[in-house]
Amino acid sequence: MTTAMGAALRRIQLGNALSAFGNGFTVPFLFVYVAQVRDLGANTAGMVLATFAVAALAVLPFIGRVIDRRGPLSVAVAGAVAAAVGSMGLGLAASEPLVIAAAGVLGAGIAAIQPALATLIVWCSTPVTRSRAFATQFFLGNLGLGVGGLLGGLLVDTSAASSFVRLFAIDAVMFLVLGAAVATVRLERTPVFDDPVPTVDERLSGSGGWRALLGHRAMVQLCALGFVMFFACYGQFESGLSAFAVDVARISPSMLGIALAANTAAIVLAQFVVLKLVERRRRSRVMALVGLVWTVAWCVAGTAGLIPGSQAIGVTAIISAYALFGLGEAMLSPTVAPLVADLAPPSALGQYNSAFALVKQLALAVGPAAGGLMAGAGLYGAYIVTLVVCSLGITALALMLGRRLTAEQDNPLRAVAGAAVPAPRAASSDEVTTAA
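Please read all numbers here as calculations on a predicted model, not as lab measurements.

Basis of the calculations
Residues numbered from 1 in each chain as written. Predicted model: local features only at pLDDT ≥ 70, side-chain atom pairs only at ≥ 80, totals over all residues. Heavy atoms only, no water. Patch = residues over 30% accessible without salt bridge, like charges linked within 9 Å, V, L, I, M, F, W, Y side chains within 5 Å. Areas by Shrake-Rupley, 256 points an atom, 1.4 Å probe, with all protein chains shown as cover. Salt bridge = Lys/Arg side-chain N within 4 Å of Asp/Glu carboxyl O. Helix = DSSP H or I, 4+ residues; strand = E, 2+ residues; numbered from the N terminus. Expected span 1.5 Å × (residues − 1). Buried < 20%, exposed > 50% of the residue type's maximum accessible area, 1.4 Å probe, protein only. Axes fitted to C-alpha atoms, helices over the stretch in contact; angles between N-to-C directions. Parallel < 35°, antiparallel > 145°, perpendicular 65-115°, else oblique. Left-handed = near helix turned anticlockwise from the far one by under 90°. Contact = heavy atoms within 4.5 Å. Nonpolar A, V, L, I, M, F, W, Y, C, P; charged D, E, K, R; others polar. Core = buried A, V, L, I, M, F, W, Y, C linked by side-chain atoms within 4.5 Å. Phe/Tyr/Trp six-rings, centres within 6.5 Å; stacked < 30°, edge-to-face > 60°. Lys NZ or Arg CZ within 6 Å of the ring centre and 35° of its normal. pLDDT = per-residue confidence, 0-100.

1. Points about a nonpolar patch on the surface
Logical step 1: Judged by side-chain polarity, Leu143, Val147, Leu151, Leu154 and Leu155 come together as a nonpolar surface patch covering roughly 420 Å² of accessible area.
Logical step 2: Tracing the chain through its elements places leucine 143 in helix α6 (residues 130–155).

Spelled out as structure tokens, the structure:
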């Protein structure tokens, strides 16, 4: 990896961390802000959260082709500007239509940013360094989100709408910082692949598109695996698992906040230790192990309801479960996103990244709905069993996927002789440069 590539990657990572820091100021308080501070009610707050998902689902099927045709830089900058406008709009809106419209703009902007940043990280790394690059992104994102949430909690005042305007303004500024950081990166030709970045004609007539992607069996299997992963973990944090913790384990909402902090702490503390353990191992085996870790997590959470009246056991079980989920997430960050990149042909990298982001968004829409319905019906035993089965399904699907991967796709470090980082190329038009 060239020095210029490293400098570009650092700018992208810094911008991403600062935008996550800004998100931390608003994400934990959005529901309360809409429902109570703006006095629009819980139904409107629910509609706002649903609007994020709808906006992302509307944008993601198309944004991948835009990235492949126009490049990830322009898409990331446009997404950052849209997200900033949407966040500031949420802070200033006082009526239901304006709040929902702002949420739609924010959701669309974030949906554009995610696959564009993933593509940029691929372009600024090599197959050997890619796992560490994505692990660093995940680590910095969680660290920024956690620190932002802590500071936001100190600034927020539910009796004063102006305090929330301040929080959304900080979020908007951080999105603009991300856009500015990305805008200073200059990508002429990608140094990641042996072939140069496709020309405009190659992008328009290349082998991208949904038909080609759906014909790629390994990618389809990875998308199916990703859906189950996100359904069984992230999709339950704000619905079924939290309801189970409060209704069955009888823990207080404040302790639920500590459990979420334990999840973030597990990621931050374990990320680079885990990276050293997994980066030389087959990706399919690592994902299979995540399924087993999450199986243990759901079984531990389930123990919270086995001993009625024992709050200490319930609190310990729920906090331990959230920490185990964090450990699994730390194992996935250097594994899944790099595999998507290695499966993608150079001319369809944006398409593959946006397709996987779409799968994630679908799981994040279906997961809370399914968990919420089961929790609302009081089917907590069936709920835990369902998630245990899903976690075991992750292990089975990962092992099946491993049979379709080449040695280099399953682990580039083991496939490359000596696992050494390739020497930098001679300076040419293939270099990545950064603006002064």
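So much for the structure itself; the text now carries on.
2. Some words on helix α4 (residues 72–92)
Logical step 1: Between its terminal C-alpha atoms α4 stretches 30 Å, which fits the 30 Å expected from 21 residues at 1.5 Å a residue.
Logical step 2: For α4, every residue scored as buried is listed here: Pro72, Leu73, Val75, Ala76, Gly79, Ala80, Ala83, Ala84, Gly86, Ser87, Leu90 and Gly91.

3. Thoughts on the packing of helix α17 (residues 349–376) against helix α18 (residues 380–402)
Logical step 1: Two elements in contact, α17 and α18, have axes separated by 8 Å at closest approach and are oriented at 150°. By the angle between their directions, the pair α17 and α18 is classed as roughly antiparallel. In this structure, the crossing between α17 and α18 has a hand that is right-handed. Along its contact with α17, which presents Gly371, Met374 and Ala375, the element α18 presents Tyr380, Ala382, Tyr383 and Thr386.
Logical step 2: Grouping the amino acids of the contact of α17 with α18 by side-chain chemistry returns 5 nonpolar, 2 polar and no charged.

4. Some thoughts on the nonpolar core
Logical step 1: Residues Leu90, Met219, Leu222, Met287, Trp294, Ile318 and Phe325 are the most contacted members of the largest nonpolar core, which totals 121 residues.
Logical step 2: Element by element, the count of residues in this core is highest for helix α5 (residues 96–123), at 15 residues.
Logical step 3: Once residues lying within four places of it in the same chain are set aside, the contact partners of leucine 222 are Met287, Leu339, Val340, Leu343, Phe356 and Leu401.

5. Comments concerning the packing of aromatic side chains
Logical step 1: As enumerated under the stated definition, the model contains 11 aromatic pairs in all.
Logical step 2: One aromatic cluster is present, formed by Trp294, Trp298, Phe325 and Tyr383 through successive ring pairs.
Logical step 3: A cation sits over an aromatic face here: lysine 360 above tyrosine 234, 5.7 Å from the ring centre.

6. Observations regarding the confidence of the model for the chain
Logical step 1: Per-residue confidence for the chain gives a mean pLDDT of 85, with 88% of residues at or over 70.
Logical step 2: Below pLDDT 50 for its whole length, residues 189–208 participates in 42 contacts with residues either more than four positions away or in separate chains.

7. Points about the environment of serine 320
Logical step 1: The topology assignment puts serine 320 in helix α15 (residues 311–332).
Logical step 2: Distance from serine 320 to valine 300, taken between C-alpha atoms, is 7.3 Å for residues 20 residues apart in sequence.

8. Details of unusual backbone geometry
Logical step 1: If you check the backbone angles, aspartate 39 has positive phi at about 55° while not being a glycine.
Logical step 2: Residue arginine 250 is not a glycine yet carries a positive backbone phi of 60°.
Logical step 3: Mapped onto the fold, arginine 250 is located in the loop between α12 (240–247) and α13 (253–278).

9. Observations regarding the side chain of threonine 335
Logical step 1: Turning to its location among the elements, threonine 335 is positioned in the loop between α15 and α16 (336–343).
Logical step 2: Apart from residues no more than four positions distant in its own chain, threonine 335 is found in contact with Arg283, Val286 and Met287.

10. Overview of the pattern of salt bridges
Logical step 1: Inspection of the entire model under this criterion finds 4 salt bridges.
Logical step 2: Between aspartate 342 and arginine 130 there is a salt bridge, with the nearest N and O atoms lying 2.6 Å from each other. Of the two residues, aspartate 342 sits in helix α16 while arginine 130 sits in helix α6, which places them 212 residues apart along the sequence. Here aspartate 342 and arginine 130 have matching classes, each one buried.
Logical step 3: Residues arginine 132 and glutamate 279 are paired through a salt bridge, measuring 3.3 Å at the closest nitrogen-oxygen approach.

11. A few points about the packing of α5 against α6
In a pair of packed helices, the angle between the axes and the distance between the axes together describe the arrangement.
Logical step 1: Packing of α5 against α6 brings their axes to within 9 Å, and their N-to-C directions diverge by 140°. Judged on the interaxial angle alone, α6 and α5 are oblique. Judged by the twist between their axes, the crossing of α5 over α6 is right-handed. Contacts between α5 and α6 pair Leu117, Ala118, Ile121 and Val122 from the former with Arg130, Ala133, Phe134 and Gln137 from the latter.
Logical step 2: For the contact of α5 with α6, the per-class residue count stands at 6 nonpolar, 1 polar and 1 charged.

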